[in-house]
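Per-entry structural report
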Amino acid sequence: MDIILRLADDWVLDRVWAHVLPVSAFTTASLKAAGLYNASSHVPIVASHSSAWSQLISHIPHPPLPDAYLTSPLVASETLASAWPRDYLPRQIISLFVLTLIGIHVLYFVFAGLSYKFIFNHEMMKHPRFLKDQVKLEIQASLRAFPVMTIFTLPWFLAEVRGYSLMYDNVADYGWPYFFFSIFFFLVFTDYCIYWIHRGEHHPMCYKWLHKPHHKWLIPTPFASHAFHPLDGYAQSVPYHLFIFLFPLHRQLYLGLFIFVNIWSILIHDSDMITGHPLETIINGPAHHTLHHLYFNVNYGQYFTWADRMSNSYRQPLSELDPLLEVKAAEAKKTKAALGKEQ
């Protein structure tokens, strides 16, 4: 997230913060506090910041201003700078919250929308267990969850941008072999952790209030991918954040993997039951996750099937388990009934 924050600061946020909390709005107040300003002072009050807003924000806490701004307020008034520098904790908290919230909304609507339009079989919406207005309900559940999940996630992002993770910038630090190994290692580590978190959420003590809201979608669409109870969605994301505090990972690679796992979560919720492909027994794909939504206690994994196999929760996707067959049966029944009425 530090890459996103740095780019956002460069392109947009530095200017936004400079206008919201300009350093020039604080220079006069700082000079007064230091006894360096009086009514006959030669230091001018900057007209552009003499508004009620300037007076209001002058009371907002801020780190000590650079000496150059105190001794030369004209410099401060002509410099596009904020009293809250980039490394100031409150600024980082607000910036990260806004960026994360915008980012997850964009990612969700773009990729879930594309998957819904081009991959999801809309015939599945005729399934007897597909809810009325389900797509709308999935989107509403996701939008309610996003702000809370973002708040839960902020401590991880803050620790990351403040340099507490083991991420690195130079591939030479660990070499190309580790770079490529870390991709596989990240997926295996997070898959295994999520398996047990996910399986734990099916325990009777917490399933009803924590995870059942997600299983409301028996025939999910891609918009169900983030339609969680906020604590559920956060809990299953913890391994992604934890990894970079336990193991080295290239900074840009981590950003790419973080985007990938969100897209993967969308793709496995398309209710697809294509079976018989070569990787079916290795990759936990849409068919596996469709069976999880239908049968609840199988295929808890995120990317691979090995954790389910080791823990006796694996169910092989078979063509005869395809929920589309129930759609066709229901349609045939309706057609038969309609023909019977005509006769």
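In what follows, the accompanying structure is described. (Residues numbered from 1 in each chain as written. Predicted model: local features only at pLDDT ≥ 70, side-chain atom pairs only at ≥ 80, totals over all residues. Heavy atoms only, no water.)

Quick notes on helix α7 (residues 134–161)
Given 3.6 residues per helical turn, the α-helix brings residues three or four places apart onto the same face. The condition is simple: Each helix is a run of H or I in the DSSP string that is no shorter than four residues. Each strand is a run of E no shorter than two, and both are numbered from the N terminus. In a helix, the anticipated span is given by 1.5 Å times the number of residues less one. Note on bend: the value at a residue is the angle between axes fitted to the seven residues ending there and to the seven starting there.
Taking 1.5 Å per residue as the helical rise, α7 with its 28 residues ought to reach 40 Å, and the 38 Å between its terminal C-alpha atoms agrees with that figure. Roughly 40 degrees is the biggest bend found in α7, and it falls at Thr153, with proline Pro155 one to four residues downstream.

Examining the layout of surface pockets
Heads up, the condition is: Here a cavity denotes a set of grid points, spaced 1 Å apart and computed over the protein atoms alone, in which a 1.4 Å probe fits but from which it cannot get out, and a pocket denotes an open set meeting protein on both sides within 12 Å along at least five of seven lines; residues with an atom within 4 Å of a point are reported as lining. Grid points are joined across faces, edges and corners, and a volume is the space filled by probe spheres set on the points.
In this structure, the largest pocket occupies an estimated 840 Å³ of space. Around the largest pocket, the lining is made up of 39 residues, and of these Ile104, Leu107, His226, Phe258 and Asn262 lie nearest the centre. For the lining of the largest pocket, the elements supplying multiple residues, two or more each, are α6 (89–118), α7, α8 (175–200), α9 (207–215), α10 (230–246) and α11 (251–267). Ranked by residues supplied to the lining of the largest pocket, first place goes to α6 with seven residues.

Points about unusual backbone geometry
This is how the line gets drawn: Here's how the labels work: a residue is buried when its accessible area is under 20% of the maximum for its type, exposed when over 50%, partly exposed in between, all with a 1.4 Å probe on protein chains only.
Residue Ser271 is not a glycine yet carries a positive backbone phi of 60 degrees. In this structure, Ser271 sits in the loop between α11 and α12 (286–295). Residue Ser271 is classed as buried on the basis of its relative accessible area of 5%. With phi around 55 degrees, Asn299 is a residue other than glycine that occupies positive phi space. With respect to the helices, strands and loops of the structure, Asn299 is situated in the loop between α12 and α13 (306–310). Residue class for Asn299 comes out buried when judged on its relative accessible area of 0%.

A closer look at empty space enclosed by the protein
What counts is decided by this rule: Put simply, Ala, Val, Leu, Ile, Met, Phe, Trp, Tyr, Cys and Pro go in the nonpolar bin, Asp, Glu, Lys and Arg in the charged bin, and everything else, Gly too, in the polar bin.
The tally for this structure, following the rule as stated, stands at one cavity of 30 Å³ or more. The volume enclosed by the largest cavity comes to roughly 40 Å³. Met1, Phe157, Tyr254, Leu255 and Phe258 together form the lining of the largest cavity. If one sorts the elements of the lining of the largest cavity by residue count, α11 sits on top with three residues. When its residues are assigned to classes, the lining of the largest cavity shows five nonpolar, no polar and no charged.

Structural notes on the packing of aromatic side chains
What counts here: Aromatic rings from Phe, Tyr and Trp, with only the six-membered ring used for Trp, were paired whenever their centres fell within 6.5 Å, and each pair was classed as stacked if the ring planes differed by under 30 degrees, edge-to-face if by over 60, and tilted otherwise. To sit over a ring, a charge needs its Lys NZ or Arg CZ within 6 Å of the ring centre and within 35 degrees of the ring normal.
Counted under the stated rule, the structure contains 35 aromatic pairs. Sitting over the face of the ring of Phe118, Lys117 holds its NZ or CZ atom 5.6 Å from the ring centroid.

Looking at the packing of α6 against α11
Inclusion rule: Lines are fitted to the C-alpha atoms to define the axes, a helix being fitted only along its stretch in contact, and any angle between axes, read from their N-to-C directions, falls within 0 to 180 degrees. Here the word oblique covers every angle except those under 35 degrees (roughly parallel), over 145 (roughly antiparallel) and from 65 to 115 (roughly perpendicular). Two helices cross in a left-handed way if the nearer one is turned anticlockwise from the farther one by less than a right angle. They cross in a right-handed way if the turn is clockwise. In this description, contact between two residues means that some pair of their heavy atoms is separated by no more than 4.5 Å.
Where α6 meets α11, the axes come as close as 10 Å, and the angle between the chain directions of the two elements is 40 degrees. Between α6 and α11, the angle is such that the two are oblique. Along this stretch, α6 crosses α11, giving a crossing that reads as right-handed. Contact residues: α6 offers Ile104, Leu107, Tyr108, Phe111, Ala112 and Ser115, while α11 offers Ile259, Asn262, Ile263, Ile266 and Leu267. Split into classes, the residues belonging to the contact of α6 with α11 amount to nine nonpolar, two polar and no charged.

Describing a nonpolar patch on the surface
Convention followed: Nonpolar side chains (Val, Leu, Ile, Met, Phe, Trp, Tyr) are joined into patches within 5 Å and like charges within 9 Å, using only residues with over 30% relative accessible area and no salt bridge. For accessible areas, the Shrake-Rupley method is used with a probe of radius 1.4 Å. Any residue's cover is judged against the shown protein chains and nothing else. Any Lys or Arg side-chain nitrogen found within 4 Å of a carboxyl oxygen on Asp or Glu counts as a salt bridge.
Residues Leu89, Ile93, Ile94, Val98, Ile102, Val106, Val110, Phe111, Leu114, Phe118 and Ile119 make up a contiguous nonpolar surface patch of roughly 930 Å² in combined accessible area. Within the secondary structure, Leu89 is located in helix α6. Its relative accessible area of 38% is what places Leu89 among the partly exposed residues.

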